Amino acid sequence: MSGNGLGYSEQGGEAAPELAQEVAPTTTPSAPAAFGLFSSDTKKNEDLKQMLESSKDSAKLDAMKRIVGMIAKGKNASELFPAVVKNVASKNIEIKKLVYVYLMRYAEEQQDLALLSISTFQRALKDPNQLIRASALRVLSSIRVPIIVPIMMLAIKEASSDLSPYVRKNAAHAIQKLYSLDPEQKEMLIEVIEKLLKDRSTLVAGSVVMAFEEVCPDRIDLIHKNYRKLCNLLVDVEEWGQVVIIHMLTRYARTQFVSPWKDDDVVEEYSENNFYESDEEQKEKDRKVKNTYTMDPDHRLLLRNTKPLLQSRNAAVVMAVAQLYWHLAPKSEAGIVSKSLVRLLRSSREVQYIVLQNIATMSIQRKGMFEPYLKSFYVRSTDPTMIKTLKLEILTNLANEANISTLLREFQTYVKSQDKQFAAATIQAIGRCATNITEVTDTCLNGLVCLLSNRDEIVVAESVVVIKKLLQTQPAHHGEIIKHMAKLLDNITVPVARASILWLIGEYCERVPRIAPDVLRKTAKSFTNEDDLVKLQILNLGAKLYLTNSKQTKLLTQYVLNLGKYDQSYDIRDRTRFIRQLIVPNEKSGALSKYAKKIFLAQKPAPLLESPFKDRDHFQLGTLSHTLNSRATGYLELSDWPEVAPDPSVRNVDVAESAKEWTGILGKTKKEKPTEKFYSESEEEEDESASTSASGSDSGSESEKVDEEEGSSDGSSGSSSSSEESSDSESDSKETTAKKTSRAAAESDSEDIKKKAKGISKKRSTSSSSDTASTSSEESSSDSKSESDSKSDSESGKPRSATSSKKEEKTVQDRRAPNKQDVFLLDLDDFCPVTTPVAVPTAAVLSPSLTADLEGLSLSSSLVIDVTTQVSVPTKTHELLHRMSGKGLAAHYHFSRQPGIFGDRMVSVQVTVTNTTDQKIENIHIGEKKLPPGMRMHEFNPIECLEPAGSVTVSMGIDFCDSTQTASFQLCTRDDHFNVNIQPPVGELLLPVTMSEKDFKKEQGMLTGMNETSATIAVAPQNSTRLVIIERVVKAANLGVVPSGQDNIHRFAAKTVHSGSLMLVTVELKESSTAQLIINTEKTVIGSVLLRELKPVLSQG
């Protein structure tokens, strides 16, 4: 549900109509496309590539429309990525919007090429068009590479203060993507969520609550001040947002309010009045009832504001409100949801299935809610089996003395259904009705006995099983039925039914003393042909008859036991041995044989026929966990009601403080508004008439003030225009303030970004720089918030005068002017100090505009990029010390691929030491080292103490001198020392480097002849895609991916850790599922070993 909602909301707002208009022409293909069956896709794509490289915008626009059309039809357009990405810096806004639509789809797959355009995306974040800003943020958050996390963080912070609510909405969506990429950013993201929660735009509310649920669902304190605002905005939020907010508020309410259900119990307790009771005593009781429970006004506000949503056209919203009322409302009020849920039964079968499951759970506890709608649950012939079964379940739950006769007539019809699974379920339902309502037990039993003569085996079998359960409740009265069932044994072939009859005859063999031995005789004849289930019951029957009627059945039972002794089934043989030892006394028999009769003929408790939905109510209704009846990933449990309600004042919004704060920033004074209703027309009129007084306010403080006033208002309806639009006079009056603020904000932003960059370069080694950065960002955001929030919804407001729009345009330009000190992804001076320059890709690969963009960036990096660019870090661990050899101390190691931790020439190795004993192990350290000449080792710091079952991971560095020789050393404890060794795979002796295709070919040209090794390998078709090849190669060896202009050639580059010698790997796909693997390097030994290791990696299926 939420997945669909997210897609809907991301394309919502003002983007949808424009995109729809642009994509529409794709339905009229060109004439040659009629013969597309005979033309190859490559020709089509070549045609599109030429159009994208055209100098005419019209051709580019047409090509982009066709490409977006291809994506909409589900066709793969990923090979056009290089051609499309060139146009990302296009001046034409229509082309740019479609390019961003394309990039959002493929940025995650083509991360390397998307990274080249990162600077363009960052500039687009300051574009005057809100759609471009939002799209740029969405593309940026789709490039899932850890190195751009700081860039994304800055972009989200800026977007959260944007004037456009659509951009702020996308910032909320980006929060979830960033959190999934790097959970360590949680604290900074919570700050952004806290800020966005104060936003009063209905467009933002749903998205930010979704981000809250994903990132920090336990931070209930963030909701306190925004609770009333969210309740009041709920009616105007889009449907997806309504579902998310309702579920969140349900959890919130269960932690903040006391249970309203106690009230119902107390009222029932005092409802009966004694005959001889004085008036005073009655009054005292009335007073007790009145004083027991008073609903919190905020609790009532939530129930009142969600009630209108029961009329929503969206089934998910109705279901969300229904579960809210079920979990939060007094039992007397919960009934109002039943009519809305019954209305949903007219929807599609998928919706019916979910709604009926929830009704089935509700109807067990509160039958009265759905009794008036009994006929709505009658089964239709067109219903699928799953719907029929659920309706039957609900009808059975709703059965009582008043309606049972009607239901049994209905059930008689269902038994005749052609759907045998449903007919069997109906018989079970009749059995449940018989046990629940004693008045109709005999009627149901007689009806089921009549079904035993049915032609359908399944119906008969199910009837037998249900009759067996019913007879257990009162066996004394039903000897005739047992006799009747014994006669049917010859005709019934279904194993479960035969086993049930045999169990009944055995259990009550003393009531049918003549029939039971004869049944054993008949079944002994067919023993070898019976099902295992029936054989077990024949053995049980024989044992019971041997104990009660040994004269007639002794020989027969021994015969059956001999048959069972040599049966093929292990269970039958085992049961036979057990029974023989128990019932036939001999010398070896134990003390148990004396109690054989008590064991076999003990009184068995009657089975309880219950609904399968009985225990589902511990899951929140309407959730996936409730549907599956098992806890799903991400499920958030509803807490129990608190005994005493927490302090309700935490939801009060302090207007005075917020007014002073903003007055101090803007140097303006603000008038106190009189108490008024939320969404009232007077608020809109006052805004228009008193624009000067309102100029210093921001949407956050206004919304907080209105929220506090809402405590006394009903908030049931009202004009939503005042919350969505800003008035003309208000926006005009804020222009001068905005101009001043924009300059201050720009300065503080640039300082903020500088500090962030320094923090990244230190790899978070100290917390001081990040603290200053966050403080700085808070100051800058507080300055810029006055302009951003006050105009938050001006995009959809009324048209302004000419002078007003000119001034505002100038202000926007001032604010959007790109700052030279902004950090771009490829400004890697701060990330990694380097020496050799990298050549910029030529115009043959990239468009002139993009080349200019890239040249503008400071590309002063060497061939090595920080190891965080490495896509794959191998998770394979190697055993260093087995727990048996280490006397309970176990050790494993793996290569973390982190360069330069212990020195430029050392390979980083992470060792995990585990104590498997029940005693402490002290002073774990490295002892004597036996290293080959030239090899060096950086030891890990000694581990003072390792607790029982404890585990510690430490890092060490080893300079292997570009060889796969073993590093041997001693791993010591206080009492022992153990000889261990580490041998590196050749792929871990490398560091990834990045270079352009031109540089790669140049270096490859200098490493030919003796420096080149190659092999031809067979590649399975499923392994020949770019992603699979890159994944497998990078997993096997620490190589960097080099951009390639050809689809069939994949290039990788690295340098050896010790000597820095280049290692160039090329995988060239040939026809007939073969590929040529070429390795160019000065280190020919390493090259040949690497070739040997990569061959099986690429060729395996």
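What counts, and where the lines are drawn
Residues numbered from 1 in each chain as written. Predicted model: local features only at pLDDT ≥ 70, side-chain atom pairs only at ≥ 80, totals over all residues. Heavy atoms only, no water. Helix = DSSP H or I, 4+ residues; strand = E, 2+ residues; numbered from the N terminus. Buried < 20%, exposed > 50% of the residue type's maximum accessible area, 1.4 Å probe, protein only. Contact = heavy atoms within 4.5 Å. Areas by Shrake-Rupley, 256 points an atom, 1.4 Å probe, with all protein chains shown as cover. Core = buried A, V, L, I, M, F, W, Y, C linked by side-chain atoms within 4.5 Å. Axes fitted to C-alpha atoms, helices over the stretch in contact; angles between N-to-C directions. Parallel < 35°, antiparallel > 145°, perpendicular 65-115°, else oblique. Left-handed = near helix turned anticlockwise from the far one by under 90°. Salt bridge = Lys/Arg side-chain N within 4 Å of Asp/Glu carboxyl O. Pairing = 2+ DSSP bridges. Polar contact = N/O pair within 3.5 Å; in protein donor to acceptor, adjacent residues only side chain to side chain.

### Some details on the overall build of the protein
At step 1: From N to C terminus, the protein includes 47 helices and 15 strands.
At step 2: Among the 1101 residues that make up the protein, the fraction classed as buried is 52%.
At step 3: Look at the contacts in the protein between residues 6 or more apart in sequence, and 70% of them connect residues 24 or more apart.
At step 4: Carbon and sulfur atoms make up 51% of the accessible area of the protein, which totals about 52100 Å².

### Brief notes about the nonpolar core
Generally speaking, a soluble globular protein has its nonpolar side chains buried in company with each other.
At step 1: In this structure, I67, Y102, L103, L341, F377, F411 and I583 are the most contacted members of the largest nonpolar core, which totals 206 residues.
At step 2: Broken down by element, this core gets its largest block of residues, 12 residues, from helix α19 (residues 315-328).
At step 3: Contacts of I583, omitting those with residues within four sequence positions, involve A543, Y546, L547, T557, L561, A596 and F600.

### Considering the packing of helix α11 (residues 165-181) against helix α12 (residues 186-197)
At step 1: The contact between α11 and α12 brings their axes to 11 Å, and the two run at 160 degrees. Considering their axes alone, α11 and α12 lie roughly antiparallel with respect to each other. With respect to the hand of their crossing, α11 and α12 are arranged in left-handed fashion. Seen from α11, the contacting residues are R168, A172, I175, L178 and Y179; seen from α12, they are K186, L189, V192, I193 and L196.

### Observations concerning the pattern of salt bridges
At step 1: Tallying each qualifying case throughout the model produces 36 salt bridges.
At step 2: Between R651 and D298 there is a salt bridge, and its shortest N-O distance comes to 2.6 Å. Separated by 353 residues along the polypeptide, R651 in the loop between α34 (624-628) and α35 (655-666) and D298 in helix α18 (residues 297-306) bring together distant segments of the chain. With respect to class, R651 is no different from D298; both count as buried.
At step 3: Shared partners join several salt bridges into a network, and the residues in it are R228, D296, D298 and R651.

### Things to note about the sheet that holds strand β4 (residues 921-930)
At step 1: Pairing in this open sheet of 4 strands is antiparallel, and the strands run β6-β4-β8-β9 from one edge to the other. Each end of this open sheet is capped by a strand with a single partner; those strands are β6 (943-946) and β9 (977-982). Averaged over neighbouring strand pairs, the angle between their axes works out to 35 degrees when direction is ignored.
At step 2: Of the strand pairs in this sheet, β4 and β6 are connected by 3 bridges, and their pairing is antiparallel. Residue pairing across strands places E922 opposite C945, the latter belonging to β6.

### Quick look at the side chain of N400
At step 1: Mapped onto the elements, N400 comes out in the loop between α22 (385-398) and α23 (404-415).
At step 2: According to the relative accessible area criterion, N400 is buried, its value standing at 17%.
At step 3: A polar atom in the side chain of N400 sits 3.0 Å from the side chain of E371.
At step 4: Looking at N400, its side chain comes within polar contact range of the main-chain nitrogen of A402, at 3.1 Å.
At step 5: Ignoring sequence-local partners within four residues, the contact set of N400 consists of E371 and I437.

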